[in-house]
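# Descriptive analysis of the structure
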Number of protein chains: 4
Amino acid sequence: MTKKLNIAIIGSKFMGRSHSNAYLKVHHFFDMPVEPVMKVACGRNEAELRAFADQFGWEEIATDWREVVARPDIDVIDICTSNATHMPIAIEAAKHGKHVICEKPLAMDAEEARQMLSAAQAADVRHMVAFNYRRVPAIQLAKQMIDEGKIGRVFHFNAVYYQDWIVDPEFPIVWRHDSKVAGSGAHGDMNAHTVDLARFLVGEITDVTGAQEIFIKERPLADGSGTGQVTADDATYFIAKFEQGALGNFMATRFANGRKNFLRIELFGSKGSLVWNLERMNELEYYSNADEQKEQGFRNILVTENVHPFINAWWPPGHIIGWEHTFIHEVRDLLLAIANHEDVTPNFYDGLRNQLVLDKVVESSQNGQWLSVPEK
Amino acid sequence: MTKKLNIAIIGSKFMGRSHSNAYLKVHHFFDMPVEPVMKVACGRNEAELRAFADQFGWEEIATDWREVVARPDIDVIDICTSNATHMPIAIEAAKHGKHVICEKPLAMDAEEARQMLSAAQAADVRHMVAFNYRRVPAIQLAKQMIDEGKIGRVFHFNAVYYQDWIVDPEFPIVWRHDSKVAGSGAHGDMNAHTVDLARFLVGEITDVTGAQEIFIKERPLADGSGTGQVTADDATYFIAKFEQGALGNFMATRFANGRKNFLRIELFGSKGSLVWNLERMNELEYYSNADEQKEQGFRNILVTENVHPFINAWWPPGHIIGWEHTFIHEVRDLLLAIANHEDVTPNFYDGLRNQLVLDKVVESSQNGQWLSVPEK
Amino acid sequence: MTKKLNIAIIGSKFMGRSHSNAYLKVHHFFDMPVEPVMKVACGRNEAELRAFADQFGWEEIATDWREVVARPDIDVIDICTSNATHMPIAIEAAKHGKHVICEKPLAMDAEEARQMLSAAQAADVRHMVAFNYRRVPAIQLAKQMIDEGKIGRVFHFNAVYYQDWIVDPEFPIVWRHDSKVAGSGAHGDMNAHTVDLARFLVGEITDVTGAQEIFIKERPLADGSGTGQVTADDATYFIAKFEQGALGNFMATRFANGRKNFLRIELFGSKGSLVWNLERMNELEYYSNADEQKEQGFRNILVTENVHPFINAWWPPGHIIGWEHTFIHEVRDLLLAIANHEDVTPNFYDGLRNQLVLDKVVESSQNGQWLSVPEK
Amino acid sequence: MTKKLNIAIIGSKFMGRSHSNAYLKVHHFFDMPVEPVMKVACGRNEAELRAFADQFGWEEIATDWREVVARPDIDVIDICTSNATHMPIAIEAAKHGKHVICEKPLAMDAEEARQMLSAAQAADVRHMVAFNYRRVPAIQLAKQMIDEGKIGRVFHFNAVYYQDWIVDPEFPIVWRHDSKVAGSGAHGDMNAHTVDLARFLVGEITDVTGAQEIFIKERPLADGSGTGQVTADDATYFIAKFEQGALGNFMATRFANGRKNFLRIELFGSKGSLVWNLERMNELEYYSNADEQKEQGFRNILVTENVHPFINAWWPPGHIIGWEHTFIHEVRDLLLAIANHEDVTPNFYDGLRNQLVLDKVVESSQNGQWLSVPEK
């Protein structure tokens, strides 16, 4: 008989919706030893929360996360709140022996991340950071190919993450503009993703130099009552050196007019290269030195074949999956890890290493110097 | 209180899975006055059917479709069987007053389609053909733009539908190779889709000339017991004239090596042009004469904005949806039509007009002549 | 010492300019045993001709082509006139023992082409039809790969040639609209090219069915004196069967809004596929079944390497060449053939076979039937 | 009567060939008040030089550049030598009152560039740096559009210049690996180009932080006698701040496997964006906020229309030009400037500003700090 795992989700906005969809679907497409039960949705605005729970079929609602994480019937706490609340929720959940999945970036800074990791390790629970792009089939395929040596020694890892939703200076202040709530702006939201892909595909980053910019420093308040100061970065660029010798480049901006969710990574290695872009996430470009010389070129692999990671659960070749599927894959692997009492990655350790890089970029952009990234 | 509609699905293979996913999700993402209840799944192989029903949560299973369509508690019959059985099931379902959604092509030939349409009209039930590509957001946007006059008078509608899953001569005979079961091969399976898009976007086709080809005439039987004759076409090409004066071109083949589910349409008009490809279904290319001359060019519209059809229900800009979402949109509109006692398209009339075109192409490829397509 | 060959060019418009550039450059980039001398330019409008000759450095001008082809000092006659005059000039030139290169389509119909071929063969001169796209490096590479068996048995050859320069109904009548001068419109101008590529890459065409369309039947006269009837086709589509079993599709139109010189060919074979587009003529897309399964995809070969045809004469990798270079390659091979007393292709035989296909398409579009293409 | 200008070229390798082609063609395609006479080619290896002069039609050869720059019959000195010799030749040429065009980067460092600028200004001659990419029609169009305000305030200028010709560790040492001869490696060769485009399109750079890398530190000597140390950078990355507030990113590498001459720039502005790539140099991508919301998208402008810069001299729409054409445009503008006694850009002032940026990047990559770029 399939075991059931009771899920509590904290947060009902964009990520709350994405994760809900994952719990709805995962066991209908993957052969799972455990089945998630959408037990309780927790948030601050009861009316909104009720609508959210009704929409996605959460059985109950609650407005106090402390009560929720203490409930004995809950197995997994899924944290989809704004960044400033990740730490207290995750630590409290771990103390109550709950498995925890937390949205990214893991914390407001490395110090918080360190405490979260300690708490999760002390409680011996499964912990995961929702860097969902690791579980795009094309990224998993890239990882396979790198591990097989297909591109050889990596010389360059170049990533951009371009959006444009706040190019308009009349776009009002939201929580993501407030560094006290968001930790940072484009940097924590977007570079966190590309740093995770870098660590997954290439390895640890040892040194960084960067720059952060706020192009529109004052914006209207949403309620029309005046204007407010933007304190979170609109864009952050940094150059990085990897432990294994590669040179890295990272650009995150919300001011790339026309780019909606354009996350492109380029890996250039001694035997070949890989290029991938989230807006065409089912495709992976691959160049190989091993091809006959007159026929070398970047191949566009449509990652929708049975032989490709995760695809067996879905549709025939050429029938693409969407952005939301990454969360289904993520939740699948979390649930399997719980069922099998095994670790899952990316976990809070990955969240901490990620945060260590992000922190040093901020510091570098302030003091104008190349900085070493500590290992813990 | 949301009304419930009991669904029975006949067929549990590829399309059965796609439709099941739609019933699972539609009310979680769209605000629906009715909610589908996944009541009964019907098929011939009980073991397979049980697994299918368990996977997707169909409450019951049944192996006799005649019993199912006669059940008083069933509101909607969803036909996902192979083509030769569409007619009897649909007609019987209509006779029992059930709403019917039927996979494409609607029938084995126009005569069958005509009877199905009559039966549905006589029963005054909702009837729909599952030409799901009409409900790709980019196609809906194309339709809007055409209706607004953005591309003016259409001169050309050129469509290809390329797959490659039977290029290998060792690929065994399946039902799709058997014209008695499938009606036709690439033609009915793939040209049916592009003819529907042509009718939706441009209008009726009046004349055709075509060619059909079977490249590999004998294939191994799946059970290894020998070989069998391929009787369904591997590829069908045809040229068409539209009522409104445009010239059309249609190519369907399962021998386009490297193309997995590559359905590309090109519309060239007096004021602009549109190009779309299913493998990048979230994108629509648009050229406009109205742009400043030195800046004219094909624009790649990423159809993931709130202002785009259906997108409001999904994710922020740049977060792409997948192939499966087309069925969710389709089922949404069917259920709304049922709730509102309104017609929905494409319906059996569209299925008939589609079949009339397909039939004449077959006839033309046999007698070597341009043929007129009858209107009914 | 390098031998000199005296060239006479007849015609000073678009093609006259393209060929002139070729004679200017060929010996500066290729190691040639012969050097072209730009001796005389011949045309009807003396003022225009003088400007043309001055611009490109033709030593003399002449207004009577009959005198020119009779001049004993001329070695090569290059025919860049409108189609209706190709035959008389070519035949007369051959009679005077001149080598002849003639713009495409070779003639007004197959009967003319036949006479031209006979005349050239009787005179034992070199004869060439200026199907310059054969000498795009990417096309030569495609040919090499096909000959090596890289794509196996070809199932499909699909070609489009899209332009849009007469979409505007106010665009005045030019000679290309007049079937008496041009022979045909889009068909002879554009399908002639794609039929040549088809014959070069796949082989002979045996059967055709087609349709021709004139969308704008009346246009203003260039001098503003009224309007004139368009008698040459705006668009011609046809389906073809190849001797070796492939199915072919050809579309030529001057009404593809936004497409400027968009000639795309797609070859799908049992082992792989090739796609090429003139607007990105330095690139060749290639799919191979021989690639490891999880890494299969269309490769974009940038055909600018030393190992690629003709490239050695030009620039380092990634430094693209332009459309005009195809003529330089063409003239190179013509001059080498003359120097070496060898045949060159495509020659008048190819021009005839091409014309035979074109003629039958016209006939088919008139009588509505599939027609066989004669071999001579 | 057309005035003649006698040209002397110093250097007969890659750039010598490119410039020779420009002198061969410029007056055949542009209406020029002056015509270049290919008078003398100067180099060190007499045999190679003779072949070069014969190939391109240089009237004389010479092996001592000091004699050449002193010749009274020479009007223009064209410097195509390796970087370390740019300064002495340019200064000496200026002293003799010659107009000078010099390959990029202008000098080994800013100090040299400053002296070259002084010498040219003192002599009141025309001076130009051969940043040929400014004269790609698509780049000129981008400049026009930016000046018209089409993309508004520029927030980001991101450039990559990727090549891969020394990925193979067995590729022998050439002069470009030797910092004493080349000044720098990828940085001076490639970033010099993108910095020029940045200055042309956006404005001056005020601050930089960067990193340089030598991935393969020892390579075989070309003569097989052993190995040598690589002292010029394989890759240089830097982040920049522009005077007008934009954030810039520059990456140059010769280790981007599969990228041959891939120079891509991205400009994101408040009203729109532009993207361009040298490998598809005839295309310009443009996104505009001014488009109707549901139809916004990156447009691919094929920059081959009569209304586009320089194109009038060439071919009809869609008939692409090649990399070599940029030099023809460059030489055209130099000769016109000489004829009209007007300044031409980019000149030695641009070369100096460029070099000031490059120098500070090198310094920053050594001392690990953000550095201000001096204005002179």
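Residues numbered from 1 in each chain as written. Chains lettered and ligands numbered in written order. Predicted model: local features only at pLDDT ≥ 70, side-chain atom pairs only at ≥ 80, totals over all residues.

### Some points on the relation of the copies chain B and chain A
Between chain B and chain A, which share one sequence, the superposing operator has a rotation angle of 180° and an axial displacement of 0.0 Å; the RMSD is 0.0 Å. As the rotation angle and translation indicate, the two copies are arranged about a two-fold axis. When C-alpha positions in chain B are compared against the rotation axis, the closest is assigned to B:Gly322, at 2.1 Å. Most of the interface of chain B is mirrored in chain A, where 96% of its interface residues are also at the interface. (Least-squares fit on C-alpha atoms with pLDDT ≥ 70 in both. Contact = placed C-beta atoms within 7 Å.)

### Description of the domain arrangement of chain A
All names here are of chain A. Taken as a whole, chain A is organised into domain 1 (3-132) and domain 2 (136-345 + 353-367). Inter-centroid distance (C-alpha atoms) of domain 1 to domain 2 is 23 Å. Facing 33 residues of domain 1, the contacting portion of domain 2 comprises 29 residues. For the side of domain 1 that touches domain 2, the elements supplying multiple residues, two or more each, are strand S1 (3-10), helix H1 (14-29), strand S2 (34-42), strand S5 (99-102) and helix H5 (110-123). (Domains from an automatic or database assignment. Helix = DSSP H or I, 4+ residues; strand = E, 2+ residues; numbered from the N terminus.)

### Let's talk about the sheet that holds strand S3 (residues 60-62) of chain A
All names here are of chain A. A sheet is described by the order of its strands in space; here six strands give the open sequence S3-S2-S1-S4-S5-S6, paired in parallel fashion. Looking at strand neighbours, the two that pair on one side only are S3 and strand S6 (127-129), the edges of this open sheet. Sheet twist, expressed as the mean angle between neighbouring strand axes with direction ignored, is 25°. As defined by bridge partners, strand S4 (residues 76-79) adjoins S5 across four bridges and the pair is classed as parallel. By the bridge assignment, Val76 is partnered in S5 with His99. (Pairing = 2+ DSSP bridges. Axes fitted to C-alpha atoms, helices over the stretch in contact; angles between N-to-C directions.)

### Remarks on the pairing of strand S12 (residues 247-253) of chain C
All names here are of chain C. In terms of burial, S12 is a largely internal element, seven of the seven residues being buried. In S12, alternate side chains face the same way, and those of Leu247, Asn249, Met251 and Thr253 on one face and Gly248, Phe250 and Ala252 on the other are all buried. Pairing of strand S7 (residues 154-162) with S12, which is carried by seven bridges, proceeds in the parallel orientation. From the neighbouring strand, Ala159 faces S12, where its bridge partner is Phe250. By the bridge criterion, seven bridges tie strand S11 (residues 235-242) to S12 in an arrangement that is antiparallel. Each bridged residue has a counterpart across the sheet, and for Ala240 the counterpart in S12 is Gly248. Hairpin geometry of S11 and S12 is characterised by an intervening segment of four residues between the two adjacent antiparallel strands and by a positive phi of about 110° at Gly245. (Buried ≥ 20, exposed ≤ 12 C-beta atoms within 10 Å, placed from the backbone.)

### Points about the sheet that holds strand S5 (residues 99-102) of chain C
All names here are of chain C. Spatial strand order, S3-S2-S1-S4-S5-S6: six strands in an open sheet with parallel pairing. The open sheet has two edge strands, strand S3 (60-62) and strand S6 (127-129), and neither has a second partner. The average undirected angle you get between the axes of adjacent strands in this sheet is 25°.

### Examining the relation of the copies chain A and chain D
Taken as rigid bodies, chain A and chain D are interconverted by a rotation of 180° and an axial shift of 0.0 Å, the fit giving an RMSD of 0.0 Å. Of all interface residues in chain A, 100% are interface residues in chain D too; the two copies therefore contact each other through one and the same surface.

### A closer look at the interface of chain A and chain D
Counting residues at the interface gives 31 residues for chain A, matched by 31 residues for chain D. Secondary structure elements with two or more residues in the side of chain A that touches chain D: strand S7 (154-162), strand S8 (205-213), strand S11 (235-242), strand S12 (247-253), strand S13 (262-269) and strand S14 (272-277) of chain A. Residues that form the side of chain A that touches chain D fall into these classes: 15 nonpolar, 14 polar and two charged. (Nonpolar A, V, L, I, M, F, W, Y, C, P; charged D, E, K, R; others polar.)

### Some thoughts on unusual backbone geometry
Here the residue pair C:Lys104 and C:Pro105 is connected by a cis peptide bond, since its omega of -10° sits within 30 degrees of zero. Assignment of secondary structure puts C:Pro105 in the loop between S5 and helix H5 (110-123). Even without being glycine, D:Phe310 reaches a positive phi, approximately 70°. For D:Phe310, the location among the structural elements is in the loop between strand S16 (298-302) and helix H9 (325-340). A residue is classified by how many C-beta atoms lie within 10 Å of it, and D:Phe310, with 21 of them, is buried. Look at D:His341: it is not a glycine, yet its phi comes out positive at around 50°. Tracing the backbone through its elements, the reader meets D:His341 in the loop between H9 and helix H10 (348-367). Take D:His341: there are 8 C-beta atoms within 10 Å of it, and that puts it in the exposed class.

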